[in-house]
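Read off the chains here:
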Amino acid sequence: MARNVVVVSRHHPDLYVYLRAQFANDADMAVILDRRLAERRREQAPTDTERRRRDRRSRSDIDVQLRARSHVIVTLP
C-alpha cells in the first residue's frame, strides 16, 4: 500500500501524467488527480444534534495548498 500520495490539481493534467510515469514502479508512492468539484453534501434542514462528528475526508489544509500550487504530497500514517 502506498505510503505517500501525490494529489495533483485538476488544472495540471500534464503534470499528473508525468508523475504517474515517474512513480509507476514505486509501490510507496501513489499519484491521484483531484477530481472534486465542490462539497457533495447538500444543505439540509437543521437537526437538533449533529450526527456526523467530523467529515473524515475533509482536509482543508490540502485544499488550500492545491489552490495555491499544482500538487500536494500527503504522507499516510
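Thresholds applied
Residues numbered from 1 in each chain as written. Predicted model: local features only at pLDDT ≥ 70, side-chain atom pairs only at ≥ 80, totals over all residues. Heavy atoms only, no water. Helix = DSSP H or I, 4+ residues; strand = E, 2+ residues; numbered from the N terminus. Buried < 20%, exposed > 50% of the residue type's maximum accessible area, 1.4 Å probe, protein only. Contact = heavy atoms within 4.5 Å. Core = buried A, V, L, I, M, F, W, Y, C linked by side-chain atoms within 4.5 Å. pLDDT = per-residue confidence, 0-100.

K.L.:
Can you walk me through the environment of Leu-37 in this structure?
P.N.:
Inspection of the secondary structure puts Leu-37 in the loop between β2 (29-33) and α2 (60-68). Look at Leu-37 and you get exposed, because its relative accessible area is 77%.

K.L.:
What should I look at first to understand the side chain of Asp-34 in this one?
P.N.:
Mapped onto the fold, Asp-34 is located in the loop between β2 and α2. If we ignore the near neighbours within four places in the chain, the residues touching Asp-34 are Val-7, Val-8, Arg-10 and Leu-66.

K.L.:
It is not clear to me how the nonpolar core should be interpreted in this structure. Could you clarify?
P.N.:
Note on soluble globular proteins: their nonpolar side chains tend to be buried together. Within the largest apolar cluster, six residues are counted, these being Val-5, Val-7, Ile-62, Leu-66, Val-72 and Val-74. Contributions of two or more residues to this core are made by β1 (4-8), α2 and β3 (71-75). Listed in part, the five residues of the second largest apolar core include Val-8, Leu-19, Met-29 and Val-31.

K.L.:
Would you mind showing me how to read the confidence of the model for the protein here?
P.N.:
As a general rule, the predicted coordinates of low-pLDDT regions are not to be interpreted in detail. Looking at the protein as a whole, the pLDDT averages 82, with 71% of positions reaching at least 70. Element-level pLDDT for the protein is lowest in α2, with a mean of 87, against a maximum mean of 97 in helix α1 (residues 13-22).

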